[in-house]
Every structure is written in structure tokens, then in C-alpha cells.
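Structural features, examined
One letter stands for each residue in the lines below.
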Amino acid sequence: MKLFYDLHLHSCLSPCGDNDMSPYNLVNMAKLLGYDIIALTDHNSAGNCASAVKIGREIGLTVVPGMELCTAEEIHNVCLFPNVERAESFSRYIKTTMPPVKNKEEIFGEQLLMDTEDGILGKEETLLTVASAVSIDELPDLVREYGGVCYPAHIDRESYSIISALGDFPDTLGVNAFELTPKAEESRWRDSYPALDGKILIRSSDAHYLQNMREAEFTLDLPENSAEALIKFLSEK
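Anyway, here's the lowdown on the structure attached to this text. Remember, it's a predicted structure, so these values are computed and weren't measured experimentally. (Residues numbered from 1 in each chain as written. Predicted model: local features only at pLDDT ≥ 70, side-chain atom pairs only at ≥ 80, totals over all residues. Heavy atoms only, no water.)

**Observations concerning the overall build of the chain**
Scanning the chain for helices and strands turns up eight helices and 10 strands. Radius of gyration (C-alpha) of the chain: 16 Å, near the 18 Å computed for a compact globule of 237 residues. The C-alpha extent of the chain, read off along each of the three principal axes, is 45 × 40 × 30 Å. Residue burial in the chain is summarised as follows: out of 237 residues, 54% are buried. Accessible surface computed for the chain: about 10500 Å², of which carbon and sulfur atoms make up 47%. (Helix = DSSP H or I, 4+ residues; strand = E, 2+ residues; numbered from the N terminus. Rg over C-alpha atoms; globule rule 2.2 N^0.38 Å. Buried < 20%, exposed > 50% of the residue type's maximum accessible area, 1.4 Å probe, protein only. Areas by Shrake-Rupley, 256 points an atom, 1.4 Å probe, with all protein chains shown as cover.)

**Details of the sheet that holds strand E7 (residues 149-152)**
A sheet is described by the order of its strands in space; here six strands give the open sequence E7-E4-E3-E2-E1-E10, paired in mixed fashion. Among the strands making up the open sheet, the edge pair consists of E7 and strand E10 (219-221). Taken over all neighbouring pairs, the strand axes of this sheet differ in orientation by 30° on average, direction set aside. Where strand E4 (residues 76-80) meets E7, four bridges bridge the pair, whose relative direction is antiparallel. Its bridge partner being in E7, Cys79 is matched across the sheet by Cys150. In the packing of helix H3 (residues 84-96) onto the sheet, the strands contacted are strand E3 (62-70) and E4, and the crossing angle to E3 comes to about 15°. (Pairing = 2+ DSSP bridges. Axes fitted to C-alpha atoms, helices over the stretch in contact; angles between N-to-C directions. Contact = heavy atoms within 4.5 Å.)

**Quick notes on the packing of helix H1 (residues 23-32) against helix H2 (residues 49-59)**
For the pair H1 and H2, the least separation of the axes is 9 Å and the interaxial angle reads 40°. Put simply, H1 runs oblique to H2. Helix-helix and strand crossings are classified by hand; for H1 and H2 the assignment is right-handed. Facing H1, whose interface residues are Pro23, Tyr24, Val27, Asn28 and Lys31, H2 presents Ser51, Ala52, Ile55, Gly56 and Ile59. For the contact of H1 with H2, the class distribution of residues is six nonpolar, three polar and one charged. (Parallel < 35°, antiparallel > 145°, perpendicular 65-115°, else oblique. Left-handed = near helix turned anticlockwise from the far one by under 90°. Nonpolar A, V, L, I, M, F, W, Y, C, P; charged D, E, K, R; others polar.)

**Brief notes about the pairing of strand E9 (residues 200-203)**
Across a regular strand the side chains alternate sides, sitting on one face of the sheet and then on the other. By the alternation rule, side chains of E9 split into Ile200 and Ile202 and Leu201 and Arg203, which are all buried. Pairing of strand E8 (residues 177-180) with E9 involves four bridges; the strand directions are parallel. Residue pairing across strands places Leu180 opposite Arg203, the latter belonging to E9.

**What to know about the environment of Glu105**
Tracing the backbone through its elements, the reader meets Glu105 in helix H4 (residues 105-108). On the basis of relative accessible area, Glu105 is assigned to the partly exposed category, the value being 34%. A polar side-chain atom of Glu105 sits 3.2 Å from a polar atom in the side chain of Lys123. (Polar contact = N/O pair within 3.5 Å; in protein donor to acceptor, adjacent residues only side chain to side chain.)

This is how it looks when you write it as C-alpha cells:
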């Protein structure tokens with residue numbers, strides 16, 4: 001089935017995200033914009049995924065629990081998981097790999113943990129935008145241990161991308177997908193980088209604000225609308 005997707009969305013837990021980007025608001029906005037499946041991918045944490053997944057179930061929108069992980073090389077990667085339990089377990093591990101830098105709200109913004117009705121459950125005190133100690137080489141296998149899949153985010157950007165950090169795609173990188181921003185020219189990237197031959201190119205918004213969420217445009221063909229089907233699709237060689 002053809003499913004409209006956005007697999008890279010941030011909530012108010014991400015310090016660079018707007019406080020109006022609550023799980024309730026972003027999930028309902030995605031429904032209004034015509035999406036069938038989305039992923040919540042806050043920086044280095046899955047703390048708001050449980051609320052977003054529950055809201056999605058209530059309104060008929062599949063929400064995949066995930067994270068945008070920053071590796072030791074400062075490369076952003078989208079990590080997706082089959083359920084909240086796996087995502088939260090991975091999130092707890094990642095926190096142990098991050099430097100204990102306290103968030104400064106006056107500089108970076110609040111990092112809000114919220115329930116399904118816009119109630120504030122608490123705040124994440126550790127700054128979430130720092131790099132973890134996990135390397136780009138070890139990340140794919142690590143995510144697979146938790147039943148998930150990962151791929152480099154926004155490869156066409158000039159910062160926090162695998163190209164900006166390394167200049168090319170390592171031959172040993174064990175992933176089957178890569179993310180481009182919506183405005184990137186897919187054919188140019190495939191022509192310029194043979195490593196992308198046969199790979200899946202995902203087009204997601206990386207929205208941090210409600211006004212940055214786009215009307216549904218890109219689709220994936222999955223056998224069913226579920227996190228499990230999505231992860232299997234992105235994992236197959």
C-alpha cells in the first residue's frame with residue numbers, strides 16, 4: 001500500500017524545537033496534512049515517543065518511535081524502532097554515552113516531556129544536542145540489537161551530515177537507506193555518489209516547528225501500515 005510519510009519530526013523535547021511542538025499538536029497536525037505514518041525523532045532521546053504513539057493510535061495515524069542520534073563524529077542519524085519499549089531502552093543506553101552537560105534553557109531552550117494532553121511531565125536536564133560516544137561505524141549494529149534500523153540524516157546538508165563530516169560514504173557503512181531533504185535533487189545525488197546505487201532515499205522534513213511541517217508528498221510502498229513493516233522494508237538488502 002502507498003503510504004504518505006514523514007520519518008523525521010521533532011517535538012518540544014528537542015531543545016531547538018518549539019514548545020508548541022507537543023506530541024498532541026504534531027501528531028494531529030500530521031493527520032491534518034495527510035500523513036499515514038510518521039516518526040518522532042527527537043535529539044538523542046525517545047522521551048516523548050510513548051505519548052505520540054498513544055495519540056496516533058487514538059486518531060488512526062501510525063507513529064513510529066525513534067530518535068535522531070548524533071554520533072561521535074557529529075553525524076546525525078535517524079533511528080527507528082518497532083515499539084516504544086525498544087526505543088526507550090535504546091534511549092536509556094544512549095544517555096550513558098553522552099557527556100553530562102546540563103541544558104541551559106536561556107540559551108538552548110526547554111526540553112519538555114509531555115503527556116497526551118499537553119500536560120508537562122517534566123524536563124530533561126541533560127543537553128540533548130551533544131554528540132554521543134557511539135561511532136557511525138558501530139551504530140547500525142547497535143540499533144539492530146534493539147530491533148530497529150538507522151540511516152544517515154539529511155545527507156545533503158552542510159552540517160551534521162555524513163558528507164559534511166567524512167566527505168563520502170564509508171564502504172563499511174551497513175545501512176540500506178539515506179535521508180535527503182525534500183528540496184534535494186535525487187538524481188544528482190545518485191549520479192554523484194555511486195554508493196547510493198540501489199539504496200532507499202527517504203525524504204523527510206526534519207520539522208522542529210508546526211509551521212515547518214509539510215503537506216504530505218512522498219510515499220513508501222509497504223505491505224501494511226506499521227512500524228514493523230517499515231523497519232523490515234528499510235532493513236532489507
